[in-house]
Amino acid sequence: MSHQRHAVRANDSFKIRYKKWGGSTTDNSSMIKNVCVLLHGWSGNSNYFSQSIQTLKHNEHTVYIAPDLRGHSSTENDDRDDDNDFGKYHISRLAKDLFDLIVALKMENVIPAESLVSLVGTSMGAAVIFSFCELFGEDLVKNIVIVDQAPLQNRREDWQLGSTGCFDDESFKRLRASLFQDMSSFADENEKACIAKGSSFKCDLLIKEATLRCKPEALTELMLDHTNLDWRPLIAQLQRPVLVIVGEKTQIFPWKGVAYCGYLAKNSQTMVCKNCGHWLYLEQPGLFAFALSQFISGEDQPPANESLEADLKGGYEFYKDKFYFIDAKKVDYRFVGGNPEFYKL
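Note that this is a predicted model, so its numbers are computed, not measured.

Conventions and cut-offs
- Residues numbered from 1 in each chain as written.
- Predicted model: local features only at pLDDT ≥ 70, side-chain atom pairs only at ≥ 80, totals over all residues.
- Heavy atoms only, no water.
- Helix = DSSP H or I, 4+ residues; strand = E, 2+ residues; numbered from the N terminus.
- Buried < 20%, exposed > 50% of the residue type's maximum accessible area, 1.4 Å probe, protein only.
- Contact = heavy atoms within 4.5 Å.
- Polar contact = N/O pair within 3.5 Å; in protein donor to acceptor, adjacent residues only side chain to side chain.
- Lys, Arg positive; Asp, Glu negative; His and termini not counted.
- Salt bridge = Lys/Arg side-chain N within 4 Å of Asp/Glu carboxyl O.
- Pairing = 2+ DSSP bridges.
- Axes fitted to C-alpha atoms, helices over the stretch in contact; angles between N-to-C directions.
- Phe/Tyr/Trp six-rings, centres within 6.5 Å; stacked < 30°, edge-to-face > 60°.

(A) Representation of the environment of Q239. Along the chain, the position of Q239 falls in the loop between α8 (232–237) and β7 (242–247). The exposed category is assigned to Q239, whose relative accessible area is 53%. Q239 sits 28 residues away from N267 along the chain, and the two C-alpha atoms are 7.1 Å apart. Those residues in contact with Q239 that lie beyond four places of it in its chain are E138 and K266. One polar contact links the side chain of Q239 to the main-chain carbonyl oxygen of Q237, over a distance of 3.0 Å.

Here you go:
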């Protein structure tokens, strides 16, 4: 499925650039039944989803939208207009941008005015969704997908399942120093941490380029806000269906930290992608897209899209050995200290 590039304005005139896949090829959005907005993580951009969505066949009933978040690199080669945005690099501002994007998409007839939206957040993108629900409620939301993100990154007396890399003041200072010292080296080390440990998988150069085009000042400001936010109470209050996707070999969090989102959410499923890390949607793009298209359709509709790969090789039968589900409500979340390696699935 090929994409188109578009842009809308946030309420402060910031240009929200986004990629669009699927949907009507005309200005008529009435045929669209499924709307999915994909939010990338910290230091990324919308290119993170290109490989996944391109595995899907075009479907005029389903549209996928992936914006480039404020404070991150654009997938365009033009100059950004956000040089004066310092002080706005925090999760709640990104949540307002998401709200403005959805409103603009409806006003411009890109999606039907009555559409409920499936929200997909990878890593920090999940925190943007949590903030969106806190600020604007769930009236615009159909369902939610949380991809390899714990409800709290920092460690606290009652929480030891947060980030393995940025979890307190000292680790944040180290992260900040590495950003300002050498962005290229930081990007290389970040990739190693975000794929499954021991994997030979190599990301497309566009992934590193996304990081290199970010401003270190913006990334620093965003992470300082993001890593301190505790979304546990909010997740427990969510009413919409939630799919939590865990990388079986994620190095960014103990897997139980991610699964805890499934424990908290009332109406949730927790899926584990085998032999995948934090960037599971890059490591297994076909599997990610196939699972996503099944979930966002809802029980009362046919699948939003079928994967080209799955269509050729037998659909579910092709993917069934690449994932499994766990009951997140029955996991023992006690953490007795030590290396997160001890908490493998």
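On we go.
(B) Region of interest: the side chain of K106. Tracing the backbone shows K106 in helix α2 (residues 91–107). Here K106 occupies a buried position and makes no salt bridge, while the nearest side chain of opposite charge, E114, is found at 7.5 Å. There is a polar contact of 3.2 Å between the side chain of K106 and the backbone oxygen of A113. Excluding residues within four positions of it along the chain, K106 makes contact with I111, P112, A113, E114, S115 and L140.

(C) Summary view of unusual backbone geometry. One non-glycine residue, N109, adopts positive backbone phi at about 65 degrees. Here N109 shows up in the loop between α2 and β5 (117–122). The exposure class of N109 is partly exposed, given its relative accessible area of 35%. At S123, a position not held by glycine, the phi torsion is positive, near 55 degrees. For S123, the location among the structural elements is in the loop between β5 and α3 (124–136).

(D) Looking closely at the pairing of strand β6 (residues 141–147). Most of β6 is tucked away: seven of the seven residues are buried. Of the pairings in the sheet, the one linking β5 to β6 comprises six bridges and is parallel in character. In the strand pairing of β6, V120 is matched with V145. Pairing analysis gives four bridges linking β6 to β7, with the strands arranged parallel. In the strand pairing of β7, I144 is matched with V242.

(E) Quick peek at the sheet that holds β7. What the nine strands build is an open sheet, ordered β1-β2-β4-β3-β5-β6-β7-β8-β9; its pairing is mixed. Here the strands that pair on one side only, and so sit at the sheet edges, are β1 (3–9) and β9 (323–326). Put simply, the sheet's adjacent strands are angled 25 degrees from each other on average, direction ignored. Sheet topology note: the β1/strand β2 (residues 15–22) ladder contains seven bridges and is antiparallel. When the sheet's bridge partners are listed, R9 is paired in β2 with K15. Strands β1, β2, β3 (34–39), β4 (62–67) and β5 of the sheet are contacted by α2, whose axis makes an angle of about 55 degrees with β2. Helix α9 (residues 255–264) rests against β6, β7, β8 (268–273) and β9 of the sheet, and its axis sits at about 170 degrees to β7.

(F) Local environment of the packing of aromatic side chains. Under the counting rule described, the total for this entry stands at 15 aromatic pairs. Considering the side-chain rings of Y260 and Y333, the 4.8 Å spacing of their centres and the 85 degrees angle between planes classify their relative orientation as edge-to-face. Of this pair, Y260 sits in helix α9 while Y333 is found in the segment after β9, placing the two residues 73 residues apart along the sequence. Of the residues examined, Y260 reaches a relative accessible area of 17% and is grouped as buried. Classification of Y333 as buried rests on a relative accessible area of 14%. Measuring from ring centre to ring centre gives 5.4 Å for Y263 and Y333, while their planes differ by 55 degrees; the resulting arrangement is tilted. With Y263 in helix α9 and Y333 in the segment after β9, this pair connects stretches of sequence that are 70 residues apart. According to the relative accessible area criterion, Y263 is partly exposed, its value standing at 35%. Here a set of aromatic residues connected by ring pairs shows up, and it is made of Y48, F49, W279, Y281 and F288.

(G) Examining the environment of L98 more closely. Looking at the element boundaries, L98 is found in helix α2. Residue L98 is classed as buried on the basis of its relative accessible area of 3%. Separated by 29 residues in sequence, L98 and L69 have C-alpha atoms that sit 8.8 Å apart. Here L98 is in contact with V37, L39, L119, V128 and F132, once residues within four sequence places are set aside.

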